[in-house]
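An overview of the molecular structure
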Amino acid sequence: SLPAKLINGGIAGLIGVTCVFPIDLAKTRLQNQQNGQRMYTSMSDCLIKTIRSEGYFGMYRGAAVNLTLVTPEKAIKLAANDFFRHHLSKDGKKLTLLREMLAGCGAGTCQVIVTTPMEMLKIQLQDAGRIAAQKKLMAQAQLSSSSAAAEPGVETRTTATQITRELLRSKGIAGLYKGLGATLLRDVPFSIVYFPLFANLNKLGQKDPNVKAPFYVSFLSGCVAGSTAAVAVNPCDVIKTRLQSLQRGVNEDTYSGILDCTKKIWQKEGPMAFLKGAYCRALVIAPLFGIAQVVYFIGIAEFLLDMLPKYRA
């Protein structure tokens, strides 16, 4: 049933995000740093420096936004894919690869309603620590080369609510949907690759077409399909992250759109810049979708919905 699908998707998203959020934070910071302003050399270096400067919970900056909105996002994504697969199937026959891709395309298009504002707010909170650390280093460098006894500035922490209010006040609802085109450019191809690949890998573990594959097959299928799709669309993710960042570090470029962002990254940082954070993204997406598919296919929601009438009785 649709309620069961939505609940399964929501639970899957909450569990997955909680497990992999620190890696996602490292991905955002690595993607946003530009040549000449490198704060981190790798994912582990980023996480170690984050813990040292911001504490353990610094790795979870922006997690509240993600945990709040990932439930409807994953619910929409998984339920929409099932909806389109159902309506694209003819008399219960096996879907062709093209129809599987079309179903994935529909799911990716539907999810951006929630994904875009979620990513927009999350990125501001995730990247705030990097910008603050960069400014602090610049202030310390100026202090050491000057006789002035100025103190480095202290980071003023903003919340998702403050950012949302400011964007709505200054730009209206469009402010929360900055980078919508880049989000579509990332999420639609991701779903086109992910869902058909997962479905076909999962089928390999089914001994009987009418029986679900074992949970470990669903988990491994989600991991492989997720990491493959994540790396494939990483250039789009880099562009989206740069476009949605409202604040820049010292001497960092600003961008007017997708083409301007692509051109500047290519010219100033080279083609390899489009793969920044690719392994982080693979490490985030693999367990996230592995866990999501296990929860979704086990059907926790069906169990809860079945127990509800018994509990009331």
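Residues numbered from 1 in each chain as written. Predicted model: local features only at pLDDT ≥ 70, side-chain atom pairs only at ≥ 80, totals over all residues. Heavy atoms only, no water.

Applicable threshold: UniProt positions are given in the numbering used here, feature names are shortened, and annotations may be inferred rather than shown by experiment.
Per an unreviewed UniProt entry, the protein carries the name Mitochondrial glutamate carrier 1 and comes from Turnix velox. According to the UniProt record, the Catalytic activity (unreviewed entry) comment for the protein is "L-glutamate(in) + H(+)(in) = L-glutamate(out) + H(+)(out)".

**Observations concerning the overall build of the protein**
Keep this limit in mind: Secondary structure elements follow DSSP: runs of H or I of four or more residues count as helices, runs of E of two or more count as strands, with numbering from the N terminus. Residue contacts follow a heavy-atom distance rule, with two residues in contact if any of their heavy atoms lie within 4.5 Å. The Shrake-Rupley method, run with a 1.4 Å probe sphere, supplies the accessible areas, and residue values consider only the shown protein chains as cover.
Within the protein, the regular secondary structure consists of twelve helices and zero strands. Pairs at least 24 residues apart make up 80% of the contacts formed inside the protein by residues separated by at least 6 positions. When the accessible area of the protein is evaluated, it comes to approximately 15500 Å², of which 66% is carbon and sulfur surface.

**Observations regarding the pattern of salt bridges**
We apply this condition: The rule for a salt bridge is simple: a side-chain nitrogen of Lys or Arg has to be within 4 Å of a carboxyl oxygen of Asp or Glu. Note on exposure labels: buried denotes an accessible area under 20% of the residue type's maximum, exposed denotes more than 50%, and partly exposed covers the range between, all computed with a 1.4 Å probe on protein chains only.
A full pass over the atoms with the stated rule returns 20 salt bridges. With a shortest N-O distance of 2.9 Å, Arg-130 and Glu-252 are connected by a salt bridge. In this pair, Arg-130 sits in helix H4 (residues 97-144) while Glu-252 sits in the loop between helix H9 (234-244) and helix H10 (258-269), placing the two residues 122 residues apart along the sequence. The same class applies to Arg-130 and to Glu-252, which are both buried. For Asp-253, the salt bridge is made with Lys-268, and the minimal N-O distance between the two is 3.0 Å.

**Considerations on a nonpolar patch on the surface**
The line we're drawing: Like-charged residues within 9 Å of one another, or nonpolar side chains (Val, Leu, Ile, Met, Phe, Trp, Tyr) within 5 Å, are grouped into patches, provided each residue has over 30% relative accessible area and no salt bridge.
A cluster of nonpolar side chains, contributed by Phe-215, Tyr-216, Phe-219 and Leu-220, occupies part of the molecular surface with about 440 Å² of accessible area. Tracing the backbone shows Tyr-216 in helix H8 (residues 215-232).

**Things to note about the nonpolar core**
What counts is decided by this rule: Put simply, buried Ala, Val, Leu, Ile, Met, Phe, Trp, Tyr and Cys residues joined by side-chain atoms within 4.5 Å make one nonpolar core.
Ranked by internal contacts, the top residues of the largest apolar core, which has 39 residues, are Met-43, Phe-190, Tyr-194 and Ile-285. Setting aside its immediate chain neighbours within four residues, Tyr-194 contacts Gly-222, Ala-225, Gly-226, Ala-229, Phe-289 and Gln-293. In terms of nonpolar packing, the next biggest core, distinct from the first, is built from nine residues, Val-238, Ile-239, Ala-273 and Phe-274 among them.

**As for the packing of H9 against H10**
Note the following rule: Here an axis means a line fitted to C-alpha atoms, over the contact stretch when the element is a helix, while the angle between two N-to-C directions is reported on a 0 to 180 degree scale. Note on terminology: angles under 35 degrees are roughly parallel, angles over 145 are roughly antiparallel, angles of 65 to 115 are roughly perpendicular, and the others are oblique. Just so you know the grouping, Ala, Val, Leu, Ile, Met, Phe, Trp, Tyr, Cys and Pro go in nonpolar, Asp, Glu, Lys and Arg go in charged, and all remaining residues, Gly too, go in polar.
With their axes 10 Å apart at the nearest point, H9 and H10 run at an angle of 110° to one another. Regarding the angle of H9 to H10, the classification is roughly perpendicular. Side by side, H9 and H10 meet where Val-238, Ile-239, Arg-242 and Leu-243 of the first sit next to Ile-258, Cys-261, Thr-262, Ile-265 and Glu-269 of the second. A per-class count over the contact of H9 with H10 returns six nonpolar, one polar and two charged.

**Some remarks on the environment of Glu-119**
Short version of the rule: Any N or O atom pair separated by 3.5 Å or less is treated as a polar contact, with the protein-specific requirement of one donor-capable and one acceptor-capable atom, and with residues adjacent in sequence counted only for side-chain atom pairs.
Inspection of the secondary structure assignment puts Glu-119 in helix H4. Spatially, the C-alpha atom of Glu-119 lies 9.5 Å from that of Leu-69, the residues being 50 residues apart in sequence. Ignoring any residue separated from it by four or fewer positions in sequence, one finds Glu-119 in contact with Arg-186, Lys-240 and Gln-244. Here the side chain of Glu-119 touches Lys-122 through a polar contact of 3.1 Å, side chain to side chain. A polar side-chain atom of Glu-119 sits 2.8 Å from a polar atom in the side chain of Lys-240.

**Describing the side chain of Thr-116**
Take Thr-116: it is sitting in helix H4. Filtering out sequence-adjacent residues up to four positions away, Thr-116 remains in contact with Leu-176, Tyr-177, Lys-178, Gly-179, Leu-180, Thr-183 and Gln-244.

**A few points about the environment of Gly-222**
Along the polypeptide, Gly-222 turns up in helix H8. With 72 residues separating them in the primary sequence, Gly-222 and Val-294 have C-alpha atoms 8.2 Å apart. Setting aside residues no more than four positions away along its own chain, Gly-222 makes contact with Tyr-194, Phe-198, Ala-286, Phe-289, Gly-290 and Gln-293.

**Looking at H10**
Under the convention used in this document: Multiplying 1.5 Å by the helix residue count minus one yields the expected span of that helix. Arc, as used here, means the arc of the directions from the helix axis to the C-beta atoms.
With twelve residues, H10 should reach 16 Å at 1.5 Å per residue; the first-to-last C-alpha distance of 16 Å fits that figure. Those residues of H10 lying buried are Cys-261, Ile-265 and Glu-269. With its buried residues spanning 30° around the axis, H10 presents them on a single face. For H10, the exposed residues set more than 90 degrees away from the buried face come down to Leu-259, Trp-266 and Gln-267. On its buried face, H10 is in contact with H9. Gly-270 sits one or two residues past H10 and shows a positive phi near 85°.

**What about the state of the cysteines?**
Rules: Note on disulfides: each one is a pair of cysteine sulfur atoms within 2.5 Å.
On inspection of all chains with the given rule, the structure shows zero disulfides. Take Cys-280: it sits in no disulfide, and the sulfur closest to it among the cysteines is that of Cys-46, at 7.6 Å. Overall, the relative accessible area of 0% leaves Cys-280 in the buried class.

**Considering the packing of aromatic side chains**
The line we're drawing: Planes of paired rings set the category: under 30 degrees apart is stacked, over 60 is edge-to-face and the rest tilted, where pairs are Phe, Tyr or Trp rings (Trp by its six-membered ring) whose centres lie within 6.5 Å.
In this structure the tally under the stated criterion is eight aromatic pairs. Consider the rings of Phe-21 and Tyr-60, whose centres lie 6.0 Å apart with planes at 15°: the pair is stacked. On the criterion of sequence distance, the pair formed by Phe-21 in helix H1 (residues 2-32) and Tyr-60 in the loop between helix H2 (43-54) and helix H3 (63-88) is long-range, its members being 39 residues apart. When its relative accessible area of 1% is taken as the criterion, Phe-21 is described as buried.

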